[in-house]
Amino acid sequence: MPQVVARVVVPVSPAIAFAVSQTTGELRLSWDPFIRRQHFLDGATLPDRGVRTRTWSRIGPRMDSQYVSYQPPTNVGMTMVDGPWFFASFGGGWRFKAVDGGTEATWKYTFATRPRWLSPIADRIGTFVLGREIQARINAFARACDDARIVAAVTPPPPGDGVS
């Protein structure tokens, strides 16, 4: 199966990088160039293993995905449950590792195209298109990790900073 991978080092902790990658709603739309609309399914309100989401890309196709892994602050993985006809399968994984100067984020998509007889050509096209898309997304993610407003939105307040 073809894979596309993108990496970037961001100047925040793995916990913050993970939290930025999992933002939802208007905050997510403010930085993610891929997503036009997204919401949880089946009454879920937070991401977790087994939770499903529905996502519409800015270019049109819709995909229902399910979290197959959710381990803050190190990794998250999703697989397509229902989506565009040309994907026989699709999965995405995000890993976050502490490095000098911040966190190395590695994003990976793995996919298979259909119909099978067209895969030799469709896989090359998919690798090119998804390679550009994942690079644009991780670059936008890096900018989001450098945006004080977004980082503040995902950073929990220090202990004892609440109202008594």
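Now for a look at the structure at hand. Keep in mind it's a predicted model, so treat the numbers as computed, not measured.

It is a general feature of regular strands that their side chains alternate between the two faces of the sheet. In this structure, strand β5 (residues 75-82) lies alongside strand β6 (residues 87-99), joined through 5 bridges in antiparallel fashion. Bridged to Thr 79 within β6 is Gly 91. Connecting β5 to the next strand, β6, in antiparallel fashion are 4 residues. Between β6 and strand β7 (residues 102-113), which follow one another and run antiparallel, lie 2 residues, and Gly 101 among them has a positive phi close to 90 degrees.

Spatial strand order, β1-β7-β6-β5-β4-β3-β2: 7 strands in an open sheet with antiparallel pairing. Only two strands of the sheet have a single neighbouring strand rather than two, namely β1 (3-10) and β2 (35-40). Taking the axes of each pair of neighbouring strands and ignoring which way they run, one obtains an average angle of 20 degrees across the sheet. Sheet strands touched by helix α1 (residues 14-21): β1, β4 (62-71), β5, β6 and β7. Its angle to β6, the strand with the most contacts, is close to 155 degrees.

Following both chains from N to C, one finds α1 and helix α3 (residues 119-145) inclined at 120 degrees, their axes separated by 10 Å at the closest point. Of the possible angle classes, the one that applies to α1 and α3 is oblique. For the crossing formed where α1 meets α3, the hand is right-handed. Residues Ala 17, Val 20 and Ser 21 of α1 form the contact with α3, whose participating residues are Phe 141, Ala 144 and Cys 145. Across the contact of α1 with α3, the residue classes tally to 5 nonpolar, 1 polar and no charged.

Reading the values: rules and limits
Residues numbered from 1 in each chain as written. Predicted model: local features only at pLDDT ≥ 70, side-chain atom pairs only at ≥ 80, totals over all residues. Heavy atoms only, no water. Pairing = 2+ DSSP bridges. Helix = DSSP H or I, 4+ residues; strand = E, 2+ residues; numbered from the N terminus. Axes fitted to C-alpha atoms, helices over the stretch in contact; angles between N-to-C directions. Contact = heavy atoms within 4.5 Å. Parallel < 35°, antiparallel > 145°, perpendicular 65-115°, else oblique. Left-handed = near helix turned anticlockwise from the far one by under 90°. Nonpolar A, V, L, I, M, F, W, Y, C, P; charged D, E, K, R; others polar.

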